[in-house]
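# Tertiary structure, described
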Amino acid sequence: MASIALPDAVRQTVDSTYPFGMSYSPGGEHVARTGEMCLRIGTWEGGDVHHDLTDIKAGQTFPACPTCGRAIGLTYLHE
């Protein structure tokens, strides 16, 4: 599969929309993983079977699941 080069204007929009350490899922929400630094304060939901909610401040690292201790993906819910 060949990669497609993005024009500079599009690349700048994408880079500013998707902060380092976070990405977007196909549904459009912010997603992050355990150990990454949080750039957006708010409530995040764990992506494992427990679906624990965690309030995380900007600058903190994303924690492991508080119930089982495993590394997880987290989805941003709200500020």
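Cut-offs applied
Residues numbered from 1 in each chain as written. Predicted model: local features only at pLDDT ≥ 70, side-chain atom pairs only at ≥ 80, totals over all residues. Heavy atoms only, no water. Helix = DSSP H or I, 4+ residues; strand = E, 2+ residues; numbered from the N terminus. Buried < 20%, exposed > 50% of the residue type's maximum accessible area, 1.4 Å probe, protein only. Polar contact = N/O pair within 3.5 Å; in protein donor to acceptor, adjacent residues only side chain to side chain. Contact = heavy atoms within 4.5 Å. Phe/Tyr/Trp six-rings, centres within 6.5 Å; stacked < 30°, edge-to-face > 60°.

Residue position: Thr 43 is located in strand 3 (residues 42-46). Owing to a relative accessible area of 9%, Thr 43 belongs among the buried residues under this scheme. Within the local environment of Thr 43, its side chain forms a polar contact with the side chain of Asp 55, the two groups lying 2.6 Å apart. Once residues within four sequence positions are removed from consideration, Thr 43 is found in contact with Leu 53, Thr 54, Asp 55, Thr 75, Tyr 76, Leu 77 and His 78.

All right, on to the packing of aromatic side chains then. The relative placement of two aromatic rings is captured by the distance of their centres and the angle of their planes. Under the defined criterion, the tally for this structure stands at two aromatic pairs. Ring centres 5.2 Å apart and planes at 70 degrees place the aromatic pair Trp 44 and Tyr 76 in the edge-to-face group. Placement of Trp 44 in strand 3 and of Tyr 76 in strand 5 (residues 73-78) is noted, with a sequence separation of 32 residues between them. For Trp 44, a relative accessible area of 0% gives the class buried. A network of ring pairs unites the aromatic residues Trp 44, Phe 62 and Tyr 76 as a single cluster.

A separate point is the environment of Gln 60. Mapped onto the elements of the fold, Gln 60 is located in the loop between strand 4 (53-56) and strand 5. Under the relative-accessibility criterion, Gln 60 is labelled partly exposed at 37%. C-alpha of Gln 60 to C-alpha of Leu 39: the two residues are 21 residues apart in sequence and 8.2 Å apart in space. Not counting chain neighbours up to four residues away, the residues in contact with Gln 60 comprise Glu 36, Met 37, Cys 38 and Asp 55.

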